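Residues per chain, in single letters:
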Amino acid sequence: MLEPAKTTEPPSLSITNKPNKPLLDKLNKILHSSTIEDAKIKAALTSFSDIPDLNEPHLRRNLRSIIEKREISANKKLLGSFEKVLKRFEILETQLQGMDNVCKNMKGKIEEVELQTTGMIEKANKMQEHRSLCSTRIAVVNRFLEKFTLTEKEKDILNNVSEPISNVFFDSLSHLQQIHKDCQLLLTTTNQTAGREIMESMAAYQENAYDKLYRWMQVESTTAFGHDSIDVDSLMVKALKALMVRPVLFQTILDEIASARHDAVTRAFLNALTRGGPGRNSRPIELQAHDPLRYIGDMLAWVHQACASEKEMLESLFPINTESYRDISGMNIQVVDIIGDLLDCAMAGTCRPLKSRMEQVLILQPGAITSYKAANLIQFYTLTLSKLMRKNSALEKALYEMTDLAYKYFFKTLSAQSDRLMQTIEPPNQSLNVGSVVRDMTIQLKEILASYDSSPIVTTHNTEGFPEFDFAETLDAIIEPLILMCELSVKKYDKMDHDIYIVNCLYHVQTVMAPYSFTKPKRENITTRMNDFLKDIANEEFNHLLKQSGLILIKEAISNKDPNVPLSSLSSVDRDSLMSIMSKFDHFLVAASADISSHLGRLSSVQHRREVQSKAIQWLLNAYSEISQEILDPKNKYEDSDKIMPRTVKDMEAIFSYALK
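Let us look at the structure shown here. Note that this is a predicted model, so its numbers are computed, not measured. (Residues numbered from 1 in each chain as written. Predicted model: local features only at pLDDT ≥ 70, side-chain atom pairs only at ≥ 80, totals over all residues. Heavy atoms only, no water.)

**Some points on helix α8 (residues 234-243)**
And then number 1: Counting buried positions along α8 yields seven of ten residues, so the element is predominantly enclosed.
And then number 2: Here α8 has its buried residues at Leu-235, Met-236, Val-237, Ala-239, Leu-240, Ala-242 and Leu-243. (Buried < 20%, exposed > 50% of the residue type's maximum accessible area, 1.4 Å probe, protein only. Helix = DSSP H or I, 4+ residues; strand = E, 2+ residues; numbered from the N terminus.)

So, in structure tokens, the structure goes:
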């Protein structure tokens, strides 16, 4: 490699020191040019560095020849290498030519074989297509047989009587029913012959299967349904649902179930009455016969519980999702109606013993309160059981008849009670307070009112379609005889005492009814009657005040005089007589006070006392106003009339202001 100069002096030429201007210019151009970085120059310099002893003068002079020799040597090496490659390519060409010959040979053989196998391939394709068609036909046939025929196992389960009824039986029967439905569809297509043949072949299996199922249900209806309590098996549910398509068989089974449940419920009810329930602590209901309400209540409670349990069992036996079926006549029968009919038949057996025992209790007429509570209790269970049973069921009718009968005996008891009241009439004491008989009767009335108020008719305002028993009739049956007895007890008393006692009795009865809104019509009737009596009492008090004040003489004279005759001309009301009467009236005013009079003090209600007093005094003031007008009237010819009547009407109103409303 060229070594750089070690001095900063410019390089000297090795041939001569004389400057060669062109060469110097080229060197300077090279040295000062940026092309020093050119890749070609770097490659040339690198090539020069490989030449040994380049710094020798003779080598510098023969540089071109040396480079050319080196180039020739390199070209020879390159030619030698290409000769080797050429030989390899010749060998490769020979091999490729051989391979081409082999391929052409193989192609010819393949074309020859292809000509030979074309027919075979076409035949194989046809056989493949035929195989696929046969497979499809086999699948269709298998599917058809699966859909329209029974397996041997299914045939044995459906026809063999020794095989028990199980879920497998119902699966097979369901398959058989589906085959029948599918055959009906076939009859609507071009395959009618196949549909008829399959239906005919399946008909025998179907008849045998339903006959087997019917006989099994006959046994179950007499054994399982004959017990007091029943655990509904899923097989029973499936059996009844399956038999719905055979209305005759289904109806026969329903009749047998109804008969079995009728006998079982009746037997259980009689055992509960006479022997007691299944529990050890359950005593016979008839041991409570001495207590009418408990006796009737226990019987009705047992019937209600049995009815609810029976309905729950029937609802589990007939699923609600099975809405209806066709009966023998082709009518659609709702499952709800089936349950209602079976429940009616099952509970009908309790009607006769229940009715006879309740009649025995009611005939004894235990008392008005007990009779009413018994009637109310029967009515309550009638409404409660009517929600569980269908309309017009036997038990519902029996209970309604017993409700009607209980109310009849109740009113009969009230009638007998009224007769006893009329036979034992006792006059009141001098204070005219309500007698003990009246108080006892109102206590009875209060208990009956409380019983009616707690009844479902009042609390729910719903009679469930039954005619509502008119409670106003009950009130009249109790109150009217009581009021009549009160009137008879004071028949010989004077008008004032008679009216006061009747008002006290009416007020006492009204007070008992006040908390109950359903007694409003009767309370209004009693209020009207009391107002009439209070008006009469006020009139009696007014007459008493007129007599006590002396104004009655003047009022009578005014009422009886001839309109054309002056009032002063009458001797009883001349000026002197009026002065005497007015003097007496002044003493009356002095003696008058805010205290209630002794007559009115016997009214039990303070409001009634004040009302009567206010009305009587108001009438007295009206009478005083009328008398004042007559005396002050010039046509009656009184001298100094203002001295006769020194007090005006307003003065009198001020005096009696304590009593005026």
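**Observations concerning the packing of aromatic side chains**
And then number 1: Under the criterion given, the structure shown has 15 aromatic pairs.
And then number 2: Pairing Phe-169 with Phe-170 gives two aromatic rings, centres 5.5 Å apart and planes at 85 degrees, and the pair type is edge-to-face. Of the two residues, Phe-169 and Phe-170, both sit in the buried class.
And then number 3: A connected cluster of aromatic rings, assembled from ring pairs, spans Tyr-372, Tyr-407, Phe-410, Phe-411, Tyr-452, Phe-471, Tyr-516 and Phe-518. (Phe/Tyr/Trp six-rings, centres within 6.5 Å; stacked < 30°, edge-to-face > 60°.)

**Quick notes on the pattern of salt bridges**
And then number 1: Applying the stated rule across the entire model yields 17 salt bridges.
And then number 2: Among the ionic pairs, Lys-408 bridges to Asp-404, the shortest N-O distance being 3.8 Å. Residue Lys-408 and its partner Asp-404 are located together in helix α14 (residues 394-423), separated by four residues, close to a single helical turn.
And then number 3: By relative accessible area, which is 53% here, Lys-408 ends up exposed.
And then number 4: With a closest N to O distance of 3.0 Å, Arg-529 and Glu-480 form a salt bridge. Remark: Glu-480 occurs in helix α17 (residues 471-489) and Arg-529 occurs in helix α19 (residues 520-549); sequence separation between them is 49 residues.
And then number 5: Relative accessible area serves as the criterion here: at 23%, Arg-529 is assigned to the partly exposed category.
And then number 6: Residue classification places Glu-480 among the partly exposed residues on the basis of a relative accessible area of 28%.
And then number 7: When salt bridges that share partners are traced, they join Asp-476, Glu-480, Lys-522 and Arg-529 into one network. (Salt bridge = Lys/Arg side-chain N within 4 Å of Asp/Glu carboxyl O.)

**What about a nonpolar patch on the surface?**
And then number 1: Residues Leu-78, Phe-82, Val-85, Phe-89, Leu-92, Leu-96 and Met-99 make up a contiguous nonpolar surface patch of about 690 Å² in total accessible area.
And then number 2: Among the structural elements, Met-99 can be located in helix α4 (residues 63-148). (Patch = residues over 30% accessible without salt bridge, like charges linked within 9 Å, V, L, I, M, F, W, Y side chains within 5 Å. Areas by Shrake-Rupley, 256 points an atom, 1.4 Å probe, with all protein chains shown as cover.)

**Brief notes about the packing of α19 against helix α22 (residues 606-632)**
And then number 1: Contact geometry of α19 with α22 gives a least axis separation of 8 Å together with a crossing angle of 50 degrees. Of the possible angle classes, the one that applies to α19 and α22 is oblique. The two elements α19 and α22 cross, and the hand of that crossing is right-handed. Taken together, the residues of α22 that come into contact with α19 (itself represented by Met-530, Asn-531, Leu-534, Lys-535, Ile-537, Ala-538, Asn-539, Glu-541, Phe-542, Leu-545, Leu-546 and Ser-549) are His-608, Glu-611, Val-612, Lys-615, Ala-616, Ile-617, Trp-619, Leu-620 and Ala-623.
And then number 2: Of the residues in the contact of α19 with α22, the class split is 13 nonpolar, four polar and four charged. (Axes fitted to C-alpha atoms, helices over the stretch in contact; angles between N-to-C directions. Parallel < 35°, antiparallel > 145°, perpendicular 65-115°, else oblique. Left-handed = near helix turned anticlockwise from the far one by under 90°. Contact = heavy atoms within 4.5 Å. Nonpolar A, V, L, I, M, F, W, Y, C, P; charged D, E, K, R; others polar.)

**Some words on unusual backbone geometry**
Leaving glycine aside, a negative phi is the common case for residues, and trans is the common case for peptide bonds.
And then number 1: Despite not being glycine, Asn-392 has its phi angle at roughly 60 degrees, a positive value.
And then number 2: Looking at the secondary structure, you find Asn-392 in the loop between α13 (368-386) and α14.
And then number 3: Positive phi, normally seen in glycine, also occurs at Leu-432, with a value near 60 degrees.
And then number 4: Mapped onto the elements, Leu-432 comes out in the loop between α14 and α15 (436-453).
And then number 5: In this structure Leu-432 comes out as buried when scored by relative accessible area, which is 1%.

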